[in-house]
Structures are given as C-alpha cells and as structure tokens.
Amino acid sequence: MVQTVRSAVGATIAYQAALWLTNEPAPLTAPLTALLVVQVTFYATLTTGVRRAVSVVGGVLIAIGFGALVGLTWWSLGILILASLVTGHFLKVDEFVAEVAISAMLVLGVAHQAAAAWDRVLETLIGAAVGVLLNALFAPPVFLRPAGEAVEDLACKMRLLLERIGEELGQGATADQAGSWLHEARRLNSEIARVDAELSRAEESTRLNPRVRHGMQARIVLRSGLDTLEICAVVLRTLCRSLSDLARPREGYPPLYDEEIAAGVQEVLRHVADAVDNFGRLITAQVTAGAERAEAQLARALTEGRAARARVARLLRSETDRDVERWELHGALLANIDRLLDELDVEKRSHWLATEFDRYTRTRQAPGALLHRIRRRP
C-alpha cells in the first residue's frame, strides 16, 4: 500500500513539474517515467532512473540522425528500430532496450523533430528526478527483518524434517516413509530460491539507504547464512538418499534399524535439528540483537550432537559386522551427519565472518577502491 501511494504521488508531482517546465499541453512521459523509476528501494530507483534517461536520450539522438539523413519511410523505420534495439543492448539499459526504439519512433514521426526530441528528453529527466528525490526525501523501507525471518523459516523447515526422520526411525520406518523423506528434502530447493529472492531484495534495500548504518555487515551475515543452509540442504538430501537405500524392501521387511540403533540415530538427528534451528535464529539475531545467546545454544547443540554421533558410530560398527554389504551406506550416513555438524560450526563461522569483514574494510580503505568499484559495475 505504501509503495502504491509513493508511485501515485511521484507520478502526480512529475506531471505538474513537467507542465511548469515544458510547453507540452499533456506531458505524460514525465509521470510515466516517475512510475517506472519509483521502485521499492532507493538503489533500484536511482539505477532505473539512469537507465531510463539513457535509453530516451539514445533513442532521440538516433531519431535526429535518421531524420536529417533519410526521413520516415517504411524501410527507414525498420532500420531505425533495428539500430535502436542494438544501441539499447550496447548501452546496457536492461529492461529499457525497447524504450530506445520507442523514443526514436515517436520523435521521427512528428513534424518538428528537434522540439519533440527536447521535450521528450526533458520530460524523462523530470520524471526520473522526481522519482529519485521522492525516495531520497522519504527513504524506502529496509527489508532486513523479512529476509532474516525467511532464513529462520528455512532452518525451521529443515529442523522439522530432521525431527520427523528421527521419530519415524524410532517407530520402525518403512521404505515408503524413507522415500517421502527424500522427496521432502528435494522440495527444499524451492524454499531456498524463495529465501534467495528475499535476500536479494534486502541487499538492494540497504544500498544508498540513509536509514541503514551497517548494511554491508547485514548483507554478509544473511548471505553467508543462506549459503550455509543451502549446503546443509544438499547434505540432508544426500542423507535421506542413504536412508532410502538402506530402507529398500528386504526379505521379511524388517525395520530400518533395530531399537537401540534407531534410538541412537534419533538422538543424533534431534541434536542436529536443534543445531540447524539455532543456526537460523543466530542469523536473525546477528542482524538484530541477542546473538550471544543464540550462539551459545548453537554451540551446545553441536557438542551434544557430536557426542551422540560417536555413540551411534560404535553401534553401527557392530551392525556392519553383521551385515557387511551395507557398510558403505552406514558410513555415508555418518559422513553426512559429520558434514552437517561441521557446516554449522560456530568457531568456523565466526572466523569466516571476521575474515570477510576485514577483507571488505581493507578494500574500502585501499587507494583507488572507489574508482575500482565504479568500473566493476555493469
């Protein structure tokens, strides 16, 4: 709702400003540009305004050149459109490539091309300026909290799956249940894509936003958190694949594990589930508050998980002696549990974050760093 009001206000102001500054009786290009420019974030508003202005100016210059050389004919129109689209890609105006051709056609099709060209450029600049100033005066929202909540929600879904696997193992899981675990683990891919979109929006909302003081730190924390959970999702899928192979129908359809081993695996998965959930809470806490408590809970879950994993390893060693053919699957199960615990390790993450912050600080302070960043931008 807020974005809708901002867009309507920006378009209205741009129209009124264009009436004052141009001779056009209905300068609709200005409010149209304002509508396109007033995006959700200030960074998007600024970049959209620049691309829109560049596309219009490019189209106008092409139209003036064609008008002076050949005028408007059926074949010159085709060449004009082709040249405009190629120029748009060359200028890297992204979604405004077609705008280059549209501006060129509109200017070429009027009698007084010079006046029309100037008016279209001026209206575009007015609309873009109004959109940028509106977002500068009324800073758009910051989407760090929704992004953190999305990361935490992903961690919660992984926790629920791990807990479900443990509970059903304790009850004597069947091959069908093991297959459903694998299916659910694969569905985490769509959740990761959703969280990635939330993070992209949050990252963009912190750029050039006066309401954000430590945008870089928040972006690194959130992005690294999602990267870790994405790795954990892959490992979890592999773990479910191992359990599914172990649960393939065998003679007499016995339980996946006997009661003692099933209880041990359930305990391990419960601690891993707690670690994943606490990791998600830690990510949210690091961009808000309460990080120390979340980190302590995560460390405790990891310690208990490693101890439970060692007990299960001893039980599975005896199981392997009785059923040598499945030793590889038992080893894969333990290896995947190790990988999950390692990816969520508190000290490893703290060291990585410290390294990233230090690298970013050195980059910002290095001579010529600003010029380097500008050149790297598309």
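Here's what I pulled together on the structure shown here. (Residues numbered from 1 in each chain as written. Predicted model: local features only at pLDDT ≥ 70, side-chain atom pairs only at ≥ 80, totals over all residues. Heavy atoms only, no water.)

### Thoughts on the overall build of the protein chain
Argument step 1. A count of helices and strands for the protein chain gives 15 helices and zero strands.
Argument step 2. Counting the 378 residues in the protein chain, one finds 45% classified as buried.
Argument step 3. Considering only contacts within the protein chain whose residues lie at least 6 apart along the sequence, 76% involve residues at least 24 apart.
Argument step 4. Accessible surface for the protein chain amounts to roughly 19800 Å². Of this, 59% is attributable to carbon and sulfur atoms. (Helix = DSSP H or I, 4+ residues; strand = E, 2+ residues; numbered from the N terminus. Buried < 20%, exposed > 50% of the residue type's maximum accessible area, 1.4 Å probe, protein only. Contact = heavy atoms within 4.5 Å. Areas by Shrake-Rupley, 256 points an atom, 1.4 Å probe, with all protein chains shown as cover.)

### Examining helix α5 (residues 97–108)
Helical periodicity: at 3.6 residues per turn, an α-helix aligns residues three or four positions apart in one direction.
Argument step 1. Look at α5: 17 Å from first C-alpha to last across twelve residues, which is about the 16 Å you get at 1.5 Å a residue.
Argument step 2. For α5, the set of buried residues is V97, E99, V100, A101, S103, A104, V107 and L108. (Expected span 1.5 Å × (residues − 1).)

### Remarks on the pattern of salt bridges
Argument step 1. If you walk through the whole model with that rule in mind, you get 18 salt bridges.
Argument step 2. R164 is the salt-bridge partner of E184, the closest N and O atoms lying 2.6 Å from each other. Here the residue E184 occupies a position in helix α8 (residues 175–186), and R164 occupies one in helix α7 (residues 144–170), the gap between them amounting to 20 residues.
Argument step 3. A cluster of three or more residues bridged by salt bridges with shared partners is formed by E152, R159, E163, D277 and R281. (Salt bridge = Lys/Arg side-chain N within 4 Å of Asp/Glu carboxyl O.)

### Notes on unusual backbone geometry
Argument step 1. A positive phi angle, near 60 degrees, is found at K92, a position not held by glycine.
Argument step 2. Summarising the element assignment, K92 is placed in the loop between α4 (74–91) and α5.
Argument step 3. K92 sits in the exposed class, given a relative accessible area of 57%.

### Section: the environment of L133
Argument step 1. Relative to the elements of secondary structure, L133 occurs in helix α6 (residues 113–137).
Argument step 2. The class for L133 is exposed, based on a relative accessible area of 52%.
Argument step 3. In sequence terms L133 and L46 are 87 residues apart; their C-alpha atoms lie 9.4 Å from each other.

### So, a nonpolar patch on the surface
Argument step 1. A surface patch of nonpolar side chains, about 430 Å² in accessible area, is lined by L46, V50, V54, F90 and L91.
Argument step 2. Sorting the residues of the nonpolar patch by element identifies α3 (42–69) and α4 as the ones contributing at least two each.
Argument step 3. Considering every element that reaches the nonpolar patch, the biggest residue donor is α3, with three residues.
Argument step 4. On the secondary structure map, V50 appears in helix α3. (Patch = residues over 30% accessible without salt bridge, like charges linked within 9 Å, V, L, I, M, F, W, Y side chains within 5 Å.)

### Digging into the environment of V265
Argument step 1. Among the structural elements, V265 can be located in helix α11 (residues 259–286).
Argument step 2. In contact with V265, not counting residues within four places along its chain, are L169, Y257 and V312.

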